[in-house]
Amino acid sequence: MKGKFITFEGIDGAGKSSHVDWLAERLRQRGLTVQVTREPGGTALGEKLRDLLLNQSMHLETETLLMFAARREHLAQVIEPALARGEWVVCDRFTDATHAYQGGGRGLERSKLQALEHWVHEHLQPNLTLLFDLPLEVARERIAVASRDLDRFEQERADFHERVRHAYLERAHGHPERMRVIDANNTLDNIRKRLEEIIATI
Ligand code: TYD
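If you're wondering where the values come from, they're calculated on a predicted model, not measured in any experiment. (Residues numbered from 1 in each chain as written. Predicted model: local features only at pLDDT ≥ 70, side-chain atom pairs only at ≥ 80, totals over all residues. Heavy atoms only, no water.)

Undergrad: I keep staring at the environment of Ala 146 and nothing clicks. Help me out?
TA: Of note, Ala 146 is situated in helix 6 (residues 136–146). Owing to a relative accessible area of 37%, Ala 146 belongs among the partly exposed residues under this scheme. When the C-alpha atoms of Ala 146 and Gly 13 are compared, they prove to be 9.3 Å apart, with 133 residues separating the residues in sequence. (Helix = DSSP H or I, 4+ residues; strand = E, 2+ residues; numbered from the N terminus. Buried < 20%, exposed > 50% of the residue type's maximum accessible area, 1.4 Å probe, protein only.)

Undergrad: Even after reading the chapter, I still don't get the site of the ligand, so can you show me in this structure?
TA: Contacts to the ligand come from 18 residues, most closely from Asp 12, Lys 16, Arg 93, Thr 98 and Gln 102. Here an oxygen atom of the ligand sits 2.8 Å away from a polar atom, N or O, in the side chain of Arg 93. Here Thr 98 contributes a side-chain N or O atom positioned 2.6 Å from an oxygen atom of the ligand. Burial of the ligand by the surrounding chains reaches 90%, relative to a free accessible area of 550 Å². When contributions to the shell around the ligand are tallied by element, the ones reaching two or more residues are helix 2 (44–55), helix 3 (60–84) and helix 4 (95–105). Take the shell around the ligand: its biggest share by element is 4 residues, from helix 4. By residue class, the composition of the shell around the ligand is 6 nonpolar, 3 polar and 9 charged. (Near = heavy atom within 4 Å. Polar contact = N/O pair within 3.5 Å; in protein donor to acceptor, adjacent residues only side chain to side chain. Areas by Shrake-Rupley, 256 points an atom, 1.4 Å probe, with all protein chains shown as cover. Nonpolar A, V, L, I, M, F, W, Y, C, P; charged D, E, K, R; others polar.)

Undergrad: What exactly am I supposed to notice about the nonpolar core here?
TA: Generally speaking, a soluble globular protein has its nonpolar side chains buried in company with each other. In this structure, Ile 6, Phe 8, Leu 23, Leu 27, Tyr 101, Leu 130 and Phe 132 are the most contacted members of the largest nonpolar core, which totals 38 residues. Those residues in contact with Tyr 101 that sit more than four places away from it in its chain are Gly 10, Ile 11, Asp 12, Arg 93, Arg 106, Phe 153, Phe 160, Val 164 and Tyr 168. Formed by 14 residues, the second largest nonpolar core is a distinct cluster that contains Ala 82, Val 89, Cys 91 and Leu 113. (Core = buried A, V, L, I, M, F, W, Y, C linked by side-chain atoms within 4.5 Å. Contact = heavy atoms within 4.5 Å.)

Undergrad: So what exactly am I meant to see when it comes to the packing of aromatic side chains here?
TA: A ring pair, where both rings are aromatic, is described by two values, the distance of the centres and the angle of the planes. This structure, assessed with the given rule, holds 5 aromatic pairs. Both rings, one in Phe 8 and one in Phe 132, keep their centres 5.6 Å apart while their planes meet at 15 degrees; by these two values the pair is stacked. Here Phe 8 is found in strand 1 (residues 5–10), whereas its partner Phe 132 is found in strand 4 (residues 128–133), with 124 residues between them in sequence. Classification of Phe 8 by relative accessible area gives buried; the value is 0%. Among the residues examined, Phe 132 registers a relative accessible area of 1% and is labelled buried. Summarising the aromatic geometry, the rings of Tyr 101 and Phe 153 are spaced 5.9 Å apart at their centres and angled 85 degrees between planes, so their arrangement reads as edge-to-face. Pair noted here: Tyr 101 is in helix 4 and Phe 153 is in the loop between helix 6 and helix 7 (158–174), with a separation of 52 residues, a long-range link. One aromatic cluster in this structure is built from Tyr 101, Phe 153, Phe 160 and Tyr 168. For Arg 71, the ring lying beneath its charged end belongs to Phe 68, and the centroid distance is 4.8 Å. (Phe/Tyr/Trp six-rings, centres within 6.5 Å; stacked < 30°, edge-to-face > 60°. Lys NZ or Arg CZ within 6 Å of the ring centre and 35° of its normal.)

Structure below.
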């Protein structure tokens, strides 16, 4: 039996991370073995790359290549073996984030992103991608009240995040078979109800 691969996506401040553990727990209650992981990160090397990616300025292509380098390691060490064992993998961000941030936000050509995606995981796509969507102003307020040091992406201007949001929505539109948009400007209860409905179908 093969496991299933679920990814969480959204602009910074969409609140997706708080739902990752909750969803994993719900799946475990169904008797499934679930691995929770994140990108960039998920392996010892990936977490080192994450630290660089979030804090060190670099050329856009370097940034993109490092995202995919971390992903390659993550797939080889964590995601593919877990799925092969029949486990479920719940991952906080994956390749849709690279299309949205490096592509939409920073303007890297789509052909380069597609080539890297093809190279790194030609035969693997998430079974389900949950896109947490909300207006930018609400997301920015949430980040502001969190009052912690902001990383390189969170420090970007509003127009960057607007482009990221737009790129995510466009991707959801282009991949209706696996992507579901969740209205994240909603109560915790309503969001969880919607998540329950969605996972009941997979
Ligand atoms: P995230 O884990 O959501 O940040 P936080 O810990 O603050 O909730 O994601 C880290 C950042 O990395 C986020 O701003 C988006 C960015 N990112 C990319 O730009 N490209 C990618 O491919 C990935 C996976 C993340």
